[in-house]
Amino acid sequence: MAAIQEFLIPIAIAIIMWGIGLNLTFNSFKRVFVEPKAILTGLALQLIMLPIVGFLIVFMWDIAPAYKVGIVLIAACPGGTASNLVTHMLNGRVALSISLTAFNSFMILFTIPLITSGSMELFMNSNQKVPLSFWDTFTNVGATVIVPVLIGLLIRHYFTAFADQLKPYLRFVLPATLLVVFLIVGLDSIGGESGRSIWEKMVIAVPLLLLNLGTILIGYWVAGQFRINHDGRYTIAIEMGLQNSALAIFIGSQIIQNPDVVLVAIIYSSFSFFTTLGLAYLLSKRNSNGIKNY
């Protein structure tokens with residue numbers, strides 16, 4: 001199964017990002033960087049506010065130390081392809097979402113080792129380090145995010161009619177492809193966890209649900225305080241609420257090598273896509289109250 005993950009998951013993610021790129025134009029990204037308030041706000045919220053909220057939740061929750069580390073790890077892994085797809089499905093600012101994903105993918109090289117190692121020392125009395133490879137991250141983001149999106153952009157730019165013909169099919173193909181990714185990761189990671197009681201999983205799920213829904217609302221509210229427009233607000237909210245559980249599973253299983261930390265990420269991945277999609281949908285239908293576009 002591990003070999004299947006290494007081969008199929010990058011291809012599936014690249015297909016999703018290519019399909020998203022087909023719906024974008026170069027002007028979509030120009031808006032992000034000419035008026036950078038939204039991306040700067042999103043980055044600050046994801047890299048600073050999210051870990052703070054994660055720490056506050058685990059300090060208040062009486063759970064095993066490894067579960068606390070797992071929740072903090074989830075909070076330290078900013079959204080990836082799933083958040084891009086939810087933004088796309090809800091007609092949010094997809095270019096902003098992708099830009100946040102790209103920038104975060106390099107910032108976490110510094111933030112995840114710091115935050116996760118700190119949480120392990122605090123809650124587990126462990127001095128274990130959590131190293132991440134710059135080159136592996138660079139090639140992974142380039143191959144699965146940047147290059148596929150760029151190809152999609154170019155196809156839309158030079159073959160607009162063809163891109164428009166694909167739109168109705170992509171509406172179903174992209175979510176289905178992500179579902180396949182979830183199934184592959186979940187089935188591979190769930191082995192050995194069947195002995196856990198339903199009650200134990202529920203105890204872990206409640207603070208994770210609080211992290212998921214709470215950070216969505218925080219992101220939406222803070223973005224509003226900075227006078228970011230409505231579609232930018234719920235795009236940032238999606239990025240806040242939907243963390244990269246696949247990355248957390250990888251770190252928990254391959255680097256930290258703790259099954260309890262992995263279990264937290266598995267439980268989070270089982271519901272977070274759907275709860276984020278549901279709450280973000282409700283937020284997307286709210287009136288923007290005349291907030292100026294940024």
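See above for the structure.
Let us look at the structure shown here. Owing to the predicted nature of the structure, the values given are computational and were not obtained by experimental measurement.

What to know about the packing of helix α3 (residues 37–60) against helix α4 (residues 65–75)
Look at α3 against α4: their axes get within 8 Å of each other, and the N-to-C directions meet at 160°. Between α3 and α4, the angle falls in the class roughly antiparallel. The interaxial crossing formed by α3 with α4 has right-handed handedness. Residues Gln46, Leu50, Pro51, Gly54, Phe55, Val58 and Phe59 of α3 pack against Lys68, Ile71, Val72 and Ala75 of α4. The residue inventory of the contact of α3 with α4, partitioned by class, reads eight nonpolar, two polar and one charged.

Quick word on the packing of aromatic side chains
In this structure the tally under the stated criterion is six aromatic pairs. Plain terms: the ring middles of Phe273 and Phe274 are 5.5 Å apart, the flat faces sit at 85° to each other, and that makes the pair edge-to-face. Since its relative accessible area comes to 8%, Phe273 is described here as buried. Looking at Phe274, the relative accessible area reads 51%, which means it is exposed. Through pairs of rings, three or more aromatic residues link up here, namely Phe55, Phe59 and Phe123.

Rules behind the numbers
- Residues numbered from 1 in each chain as written.
- Predicted model: local features only at pLDDT ≥ 70, side-chain atom pairs only at ≥ 80, totals over all residues.
- Heavy atoms only, no water.
- Axes fitted to C-alpha atoms, helices over the stretch in contact; angles between N-to-C directions.
- Helix = DSSP H or I, 4+ residues; strand = E, 2+ residues; numbered from the N terminus.
- Parallel < 35°, antiparallel > 145°, perpendicular 65-115°, else oblique.
- Left-handed = near helix turned anticlockwise from the far one by under 90°.
- Contact = heavy atoms within 4.5 Å.
- Nonpolar A, V, L, I, M, F, W, Y, C, P; charged D, E, K, R; others polar.
- Phe/Tyr/Trp six-rings, centres within 6.5 Å; stacked < 30°, edge-to-face > 60°.
- Buried < 20%, exposed > 50% of the residue type's maximum accessible area, 1.4 Å probe, protein only.

Purely spatial values, then, with no claim about function.
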